Amino acid sequence: MKTFGERLRHAMRHFGPVCVGIDPHPELLRSWGLTEDVEGLERFAEICVEAFDGLVALVKPQVAFFEAYGSGGLAVLERAIAVLRASGTLVLADAKRGDIGSTMDAYARTWLADGPLGSDAVTVSPYLGFGSLAPALTLAESGRRGVFVLAATSNPEGAQVQRAVAADGRTVAQTMVDEAAARNAGAEFGSVGVVVGATLSAAPDLSALNGPILMPGVGAQGGGPESIRDLVPEPMLGSVVPNVSREVLKDGPTVPALRARAQAFQDAFAFLQK
């Protein structure tokens with residue numbers, strides 16, 4: 001089987017670069033005329049799966065919105081992941097896990113092994129030290145799956161840690177990008193991606209990454225084609241995966257409307273794959 005990086009690059013070239021989120025906010029459930037319970041969550045997920053399956057390179061369920069409903073919510077997430085992956089659509093579990101030792105190993109097995117929540121990739125937090133991610137990185141490599149490391153997020157609070165400067169003169173965010181780049185060295189296109197907010201005023205140096213750059217903040221938060229052009233050097237644009245969620249989901253609940261909105265974003269970011 002090809003690596004996650006290779007499969008993602010192929011999907012981006014075939015469908016376009018956009019990643020669409022499945023984020024069942026309570027207000028979205030209400031606006032779609034759905035109940036704020038497991039039944040409403042199930043219907044929301046079913047509509048999203050039908051809309052985005054086979055349309056985009058990557059689908060990103062936000063795990064927290066499923067966990068909020070307990071075991072029933074996680075069962076809904078399991079079914080959504082299974083249907084998407086069975087048809088060949090890549091799934092990124094937005095779980096943002098980060099811990100040490102056996103606990104990190106358990107998180108890795110949850111999201112990157114062949115269990116009920118096993119996905120093609122998972123978001124991880126390196127802020128207990130990049131080395132703490134070793135169980136996830138090792139399992140991803142052996143299972144031909146991927147990880148996206150939080151590097152320079154768009155929330156204002158992130159700067160307190162991510163823009164801090166270490167003794168070697170690099171920001172913490174730059175260190176995380178460089179560590180990810182080291183894991184991708186020698187690959188055709190690496191499977192260790194980074195998360196860089198599309199609404200930042202400046203981004204870390206991404207030139208050596210050789211892997212995917214997930215850029216949330218597109219749409220409702222104000223990010224768009226021009227902000228990405230400003231943040232990412234032209235040679236790196238082909239690695240960018242713009243992530244849009246609410247700006248697509250607000251057009252639900254009909255499948256045709258969701259597909260049309262997602263396709264509009266694919267068209268807007270088509271330049272990334274040229």
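Residues numbered from 1 in each chain as written. Predicted model: local features only at pLDDT ≥ 70, side-chain atom pairs only at ≥ 80, totals over all residues. Heavy atoms only, no water.

Thoughts on empty space enclosed by the protein
No. 1: A full pass over the atoms with the stated rule returns one cavity of 30 Å³ or more.
No. 2: Each pocket or cavity is described by its volume, and for the largest cavity that value is around 40 Å³.
No. 3: Only α6 (101-112) and β4 (121-124) provide two or more residues apiece to the lining of the largest cavity.
No. 4: Class assignment of the residues belonging to the lining of the largest cavity gives a composition of eight nonpolar, no polar and one charged. (1 Å grid on protein atoms, 1.4 Å probe; cavity = no way out; pocket = protein on both sides within 12 Å on 5 of 7 lines; lining within 4 Å. Points joined across faces, edges and corners; volume = space filled by probe spheres on them. Helix = DSSP H or I, 4+ residues; strand = E, 2+ residues; numbered from the N terminus. Nonpolar A, V, L, I, M, F, W, Y, C, P; charged D, E, K, R; others polar.)

Concerning the sheet that holds strand β8 (residues 240-244)
No. 1: Strands sit in the order β1-β2-β3-β4-β5-β6-β7-β8 around a closed barrel of eight strands; the barrel is parallel. Ignoring strand direction, the axes of neighbouring strands in this sheet form an average angle of 30°.
No. 2: Where α6 meets the sheet, it contacts β3 (90-97), β4 and β5 (146-152), and its direction lies at approximately 160° from that of β3. (Pairing = 2+ DSSP bridges. Axes fitted to C-alpha atoms, helices over the stretch in contact; angles between N-to-C directions. Contact = heavy atoms within 4.5 Å.)

A closer look at the packing of aromatic side chains
No. 1: For the structure shown, the criterion picks out three aromatic pairs.
No. 2: With 6.1 Å between their ring centres and 85° between their planes, Phe4 and Phe148 make a pair best called edge-to-face. Remark: Phe148 occurs in strand β5 and Phe4 occurs in helix α1 (residues 4-15); sequence separation between them is 144 residues. Neither residue differs from the other here; Phe4 and Phe148 are each classed as buried.
No. 3: Taking NZ or CZ as reference, Arg9 lies 4.0 Å from the ring centre of Phe189, over its face.
No. 4: Over the ring of Phe271 we find Arg229; its NZ or CZ atom is 3.9 Å from the centre of that ring. (Phe/Tyr/Trp six-rings, centres within 6.5 Å; stacked < 30°, edge-to-face > 60°. Buried < 20%, exposed > 50% of the residue type's maximum accessible area, 1.4 Å probe, protein only. Lys NZ or Arg CZ within 6 Å of the ring centre and 35° of its normal.)

Purely geometric stuff here, so don't read any function into it on its own.
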